[in-house]
Number of protein chains: 2
Amino acid sequence: MTPSDHDEAQQRVDARVVRTRNDVLRAALDLLIDEGRDAVTHQRLAQVAGYSRVTLYKHWPTRADILREAFGGLREAHHHTPTGDVRTDLIGELTTFRTVIEQRRIDRALAALAELAASHPELADVRGEVVTAGERVLRELLAPRLQGPELEAAILMLSGAILNAAMMHGRPPADDVIAAAVDIVLGCSTKA
Amino acid sequence: MTPSDHDEAQQRVDARVVRTRNDVLRAALDLLIDEGRDAVTHQRLAQVAGYSRVTLYKHWPTRADILREAFGGLREAHHHTPTGDVRTDLIGELTTFRTVIEQRRIDRALAALAELAASHPELADVRGEVVTAGERVLRELLAPRLQGPELEAAILMLSGAILNAAMMHGRPPADDVIAAAVDIVLGCSTKA
């Protein structure tokens, strides 16, 4: 093989490895969401993802390794595309968050991440990245209107209302509750 | 034994059983909070609570049985004692919630409850009771000022801000953020 042939072959191998890893991690996150994190074992994941247990153990020696990387998938947050009207955009962003929760049940993965991060400090960084990605659009929409503690409070309250409803009340908020939350925050920001 | 002697003896036995159960369930909740729910096994709990594994298996045949009853301890929510000034009382109630989270780390137990309730419907009732008890004072303080979706949004936002900060951001909110959250909600409620 010439060096270039070798590089190409290596690239194909690398691409296959990346594809395998992504397949398995996506399946792990789905399994976590559908059946709870106790279901995320090498054996069960090999079944649902269609790879051998040997392959899985090679990539992720422990269950904790699988979970840590699977949670990384939560960084790919879906967002509302801003229209320029802040009320519409805040409602749109919170509604998009609710839709993702309803369709993909990511609240379950977030609850598992919160629970595990409390006793596994190495997960705190992943959680931080997931939260930063999740709050990005809310922060962009509110930053021109609120500062300091008001800005932090508004972001914590708006995303917290959706999380609280989904995680603790067992159902994400209805349209009128989302609109009321946005109006409470904007009513005050326009007063200031 | 006369019937009355028998009753007394039975009452002593009952009282001892209740004490044993409460001891073990409190230890289970502490273990869950300190080491995560994977640590709540019959063996580990027998060690820390000082009862035999046989006793534990007799009361709670499965780990799920232990967890379900241990979460019930979260219903005993600490609350601020209202002074009559709504701003002071809302800040006091949220600060009390934050103190309980800081001192007892109940956010960890709530995250575990949220995660398990998603895949174990029998835990949804316990979660509902915990949430109702936890929100009682907030609801009493806000109900005279807000109605319908605004009331639900305000409760979800205020308790959600504390939960979101503790669970997802890894630290409960500072004093100025709690005050800002209350002012955002009250600013709007006094406008209406």
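Calculation notes
- Throughout, residues of each chain are indexed from 1 in the direction in which the sequence is written.
- For naming, the first written chain is A and the first written ligand is 1, with later ones following in the order written.
- A pLDDT threshold of at least 70 governs which residues receive local features in this predicted model, and a stricter bar of 80 or more applies before side-chain atom pairs are shown or counted, although totals over entire chains, interfaces and linings include all residues.
- Neither water nor hydrogens contribute to the side-chain values; these are computed over all heavy atoms in the structure.
- A run of H or I in DSSP becomes a helix once it reaches four residues, and a run of E becomes a strand once it reaches two; helices and strands are each numbered from the N terminus.
- Remark: exposure states derive from per-residue accessible area (1.4 Å probe, protein chains only) relative to the maximum for the residue type, with buried under 20%, exposed over 50%, and partly exposed in between.
- Contacts are assigned to residue pairs that have any heavy atoms within 4.5 Å of one another.
- Accessibility throughout is a Shrake-Rupley quantity obtained with a 1.4 Å probe, and a residue counts as covered only by protein chains that appear here.
- Two parts placed together each lose some accessible area under a 1.4 Å probe, and the buried area is that loss summed for both.
- Think of a salt bridge as a Lys or Arg side-chain nitrogen and an Asp or Glu carboxyl oxygen that are within 4 Å of each other.
- Pairs of N or O atoms within 3.5 Å make up the polar contacts considered here, provided that, within protein, one atom can donate a hydrogen while the other can accept it, and that residues adjacent in sequence are counted only when both atoms are side-chain atoms.
- When residues are grouped by polarity, Ala, Val, Leu, Ile, Met, Phe, Trp, Tyr, Cys and Pro land in nonpolar, Asp, Glu, Lys and Arg in charged, and all others, Gly among them, in polar.
- When the copies are superposed, the least-squares fit draws on C-alpha atoms of residues that have pLDDT of at least 70 in both.
- Our arc is simply the arc of the directions from the helix axis toward the C-beta atoms.
- Note on geometry: axes are C-alpha line fits, over the in-contact stretch for helices, and angles between N-to-C directions span 0 to 180 degrees.
- Roughly parallel means an angle under 35 degrees; roughly antiparallel means over 145; roughly perpendicular covers 65 to 115; every other angle is labelled oblique.
- For any helix crossing, the convention is left-handed if the near helix is rotated counterclockwise from the far helix by under a right angle, and right-handed if that rotation is clockwise.
- Multiplying 1.5 Å by the residue count of a helix minus one yields the expected span of that helix.

**Thoughts on the overall build of chain A**
The number of helices and strands found in chain A is nine helices and zero strands. When the elements of chain A are put in sequence order from the N terminus, they spell out α-α-α-α-α-α-α-α-α. For chain A, the C-alpha atoms occupy an extent of roughly 70 × 40 × 30 Å along the three principal directions. Here chain A holds 192 residues, and 46% of them are scored as buried. In chain A, the share of contacts with a sequence separation of at least 24, taken over all contacts with a separation of at least 6, comes to 62%. On chain A, roughly 9200 Å² of surface is accessible, and the fraction owed to carbon and sulfur atoms is 51%.

**What to know about the interface of chain B and chain A**
Across the contact, 46 residues belong to chain B and 46 residues belong to chain A. Both faces combined, the contact of chain B with chain A buries some 3800 Å², and carbon together with sulfur accounts for 71% of it. The interface formed by chain B and chain A holds four salt bridges in total. Remark: the boundary between chain B and chain A carries 16 residue pairs in polar contact (both at pLDDT 80 or more). Those elements that provide at least two residues to the side of chain B that touches chain A are helix 6 (106-119), helix 7 (122-142), helix 8 (148-167) and helix 9 (175-191) of chain B. Per-element tally for the side of chain B that touches chain A: the top contributor is helix 8 of chain B, with 17 residues. A class-by-class count of the residues in the side of chain B that touches chain A yields 26 nonpolar, eight polar and twelve charged.

**Description of the relation of the copies chain B and chain A**
Between chain B and chain A, which share one sequence, the superposing operator has a rotation angle of 180 degrees and an axial displacement of 0.0 Å; the RMSD is 0.0 Å. Within this description, the copies of the chain are treated as partners about a two-fold rotation axis. Taken as a fraction of all interface residues of chain B, those also at the interface in chain A reach 100%, which identifies the copy contact as same-surface.

**Re helix 2 (residues 42-49) of chain A**
Residues and elements named next belong to chain A. Every buried residue of helix 2 is listed here: His-42, Leu-45 and Ala-46. The buried residues of helix 2 all sit within an arc of 105 degrees when viewed along its axis, so they share a single face. Immediately beyond the C-terminal end of helix 2, within one or two residues, lies Gly-50, with a positive phi of roughly 80 degrees.

**Notes on the environment of A:Ala153**
Relative to the helices and strands, A:Ala153 is located in helix 8 (residues 148-167). It is 9.5 Å that separates the C-alpha atoms of A:Ala153 and A:Val185, two residues lying 32 residues apart in sequence. Ignoring any residue separated from it by four or fewer positions in sequence, one finds A:Ala153 in contact with B:Val177, B:Ala180, B:Ala181 and B:Ile184.

**Here's the deal with the pattern of salt bridges**
This structure, assessed with the given rule, holds 30 salt bridges over all chains. B:Arg44 is the partner of B:Glu35 in a salt bridge, and the nearest nitrogen-oxygen pair spans 2.7 Å. A relative accessible area of 37% places B:Glu35 in the partly exposed class. Overlapping salt bridges bring together A:Arg37, A:Asp38, A:Glu115, B:Arg37, B:Asp38 and B:Glu115 as one network.

**Overview of the side chain of A:Thr20**
Considering the arrangement of structural elements, one finds A:Thr20 in helix 1 (residues 3-35). Setting aside its immediate chain neighbours within four residues, A:Thr20 contacts A:Tyr51, A:Thr55 and A:His59.

**Side note on the packing of helix 5 (residues 86-104) of chain A against helix 8 of chain A**
All names here are of chain A. Between helix 5 and helix 8, the shortest axis-to-axis distance is 11 Å and the interhelical angle comes to 25 degrees. Considering the angle they form, helix 5 stands roughly parallel to helix 8. For helix 5 against helix 8, the interelement crossing comes out right-handed. In contact with Leu-90, Leu-94, Phe-97 and Ile-101 of helix 5, helix 8 contributes Leu-158, Ser-159, Ile-162, Leu-163 and Ala-166.

**Topic: the environment of B:Leu67**
Residues and elements named next belong to chain B. Note on placement: Leu-67 falls in helix 4 (residues 63-71). The class for Leu-67 is buried, based on a relative accessible area of 8%. In sequence terms Leu-67 and Leu-25 are 42 residues apart; their C-alpha atoms lie 8.3 Å from each other.

**Brief notes about the packing of helix 6 of chain B against helix 8 of chain B**
All names here are of chain B. Contact pair helix 6 / helix 8: the axes reach a minimum separation of 10 Å and the direction vectors enclose 95 degrees. On the basis of their axis angle, the class for helix 6 and helix 8 is roughly perpendicular. Contacts between helix 6 and helix 8 pair Asp-107, Leu-110 and Ala-111 from the former with Leu-163, Ala-166 and Met-167 from the latter. The residue inventory of the contact of helix 6 with helix 8, partitioned by class, reads five nonpolar, no polar and one charged.

**Remarks on helix 8 of chain B**
Across its 20 residues, helix 8 of chain B extends 27 Å between first and last C-alpha, which sits within 8% of the 28 Å expected from 1.5 Å per residue. Summarising burial for helix 8 of chain B: 16 of the 20 residues are buried, a large majority.

**With respect to unusual backbone geometry**
Outside of glycine, negative phi angles account for most residues, and trans bonds account for most peptide bonds. Residue and element names in this part refer to chain A. Phi angles above zero are rare outside glycine, and Arg-105 is one such case at about 50 degrees. Looking at where Arg-105 falls in the secondary structure, it is placed in the loop between helix 5 and helix 6 (106-119). For Arg-105, a relative accessible area of 27% corresponds to the partly exposed category.

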